[in-house]
Amino acid sequence: MLTTKDKKFLEKIINKLDNSKENDKINNYPLLEKGFTNEDIYSGVEVLLSKKITMSSITKKFEKAFARFVGSRYALMVNSGSSANLLSAFALLNPKKKNRLRPGDLFAIPALCWSTSLWPFVQAGLRPKFLDVDIKTFCLDDQLIKKEKNLKAIVNIHILGNCSNILQIQKFAKKNNLFLVEDTCEALGSKYKSKFLGTFGDFGTYSFYY
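The structure contained in this document is the topic of the report that follows. (Residues numbered from 1 in each chain as written. Predicted model: local features only at pLDDT ≥ 70, side-chain atom pairs only at ≥ 80, totals over all residues. Heavy atoms only, no water.)

1. A word on the packing of aromatic side chains
Here's step 1: Taken as a whole, this structure holds eight aromatic pairs when the rule is applied.
Here's step 2: With 5.5 Å between their ring centres and 40° between their planes, phenylalanine 107 and phenylalanine 121 make a pair best called tilted. Of the two residues, phenylalanine 107 is situated in strand S1 (residues 106-110) and phenylalanine 121 in helix H6 (residues 115-123); the sequence distance between them amounts to 14 residues. Exposure class is identical for phenylalanine 107 and phenylalanine 121. Each is buried.
Here's step 3: Every member of this aromatic cluster is reached through a ring pair, and the members are Phe62, Phe66, Phe69, Phe196, Tyr206 and Phe208.
Here's step 4: In this arrangement the basic side chain of lysine 191 is found over the ring face of phenylalanine 196, its NZ or CZ atom lying 4.6 Å from the centre.
Here's step 5: Positioned above the aromatic ring of phenylalanine 200, the side-chain terminus of lysine 195 is 5.3 Å from the ring centre. (Phe/Tyr/Trp six-rings, centres within 6.5 Å; stacked < 30°, edge-to-face > 60°. Helix = DSSP H or I, 4+ residues; strand = E, 2+ residues; numbered from the N terminus. Buried < 20%, exposed > 50% of the residue type's maximum accessible area, 1.4 Å probe, protein only. Lys NZ or Arg CZ within 6 Å of the ring centre and 35° of its normal.)

2. What about unusual backbone geometry?
Here's step 1: Even without a glycine there, the phi angle at lysine 51 is positive, about 65°.
Here's step 2: Of note in the backbone geometry, serine 194 takes a positive phi value of approximately 65° without being a glycine.
Here's step 3: Summarising the element assignment, serine 194 is placed in the loop between strand S5 (191-192) and strand S6 (195-196).
Here's step 4: Judged by relative accessible area, which is 68%, serine 194 ranks as exposed.

3. Overview of H6
An α-helical segment advances 3.6 residues per turn. Residues three or four places apart therefore align on the same side.
Here's step 1: Of the residues making up H6, those classed as buried are Ser117, Leu118, Pro120 and Phe121. Buried residues of H6 fall within an arc of 165° about the axis and therefore sit on the same side. Of the exposed residues in H6, those oriented more than 90 degrees away from the buried face are Ser115 and Trp119.
Here's step 2: Check the buried side of H6 and you find it contacts helix H5 (81-92), S1, strand S2 (127-131), strand S3 (151-157) and strand S4 (179-183).
Here's step 3: In the segment just after H6, glycine 125 is the residue with positive phi, at about 100°. (Arc of directions from axis to C-beta. Contact = heavy atoms within 4.5 Å.)

Written out as structure tokens, the structure reads:
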């Protein structure tokens with residue numbers, strides 16, 4: 001653990017390298033300003049000094065706390081939301097699952113998406129079916145899903161904190177025995193009817209990027 005003296009030393013370095021005042025002088029519109037507090041930085045330094053920089057006690061503690069926060073039974077930390085999607089994709093094809101998906105199976109995904117939402121499922125061998133979005137939310141149009149046949153899964157993306165008609169999508173998925181993956185990387189903390197997004201489907205992926 002860092003002592004008070006250690007923290008004061010680090011604080012001097014942080015203040016020395018802080019360029020926020022320079023940024024104020026120009027027309028600068030960053031995605032995020034000062035994402036880490038000094039206490040965050042101290043904690044990060046402690047982890048580096050412990051040399052336990054992969055999966056250890058802090059990660060396990062975070063996973064349990066995060067699962068409680070969103071109201072899920074389990075949470076697993078990976079390095080990014082992209083990798084979370086990749087893990088979900090290959091979990092759908094897990095040979096140990098009785099109802100697992102097969103290479104070539106069709107999945108629905110909104111046409112408005114990121115490569116990191118789409119490509120993990122393509123990489124797993126699944127075939128995408130692009131569907132238009134609801135102009136009011138920019139999320140997957142649930143009415144279009146109902147017209148589709150031969151789907152095996154739905155990758156639902158919550159765009160910019162917005163929510164799709166997730167209850168209707170969930171209902172359709174259950175009725176037709178489809179897997180439902182919620183890409184919630186841009187909607188961490190958003191709720192629908194007092195329930196956190198990402199907890200309606202079989203998998204929910206999140207991200208702390210900005």
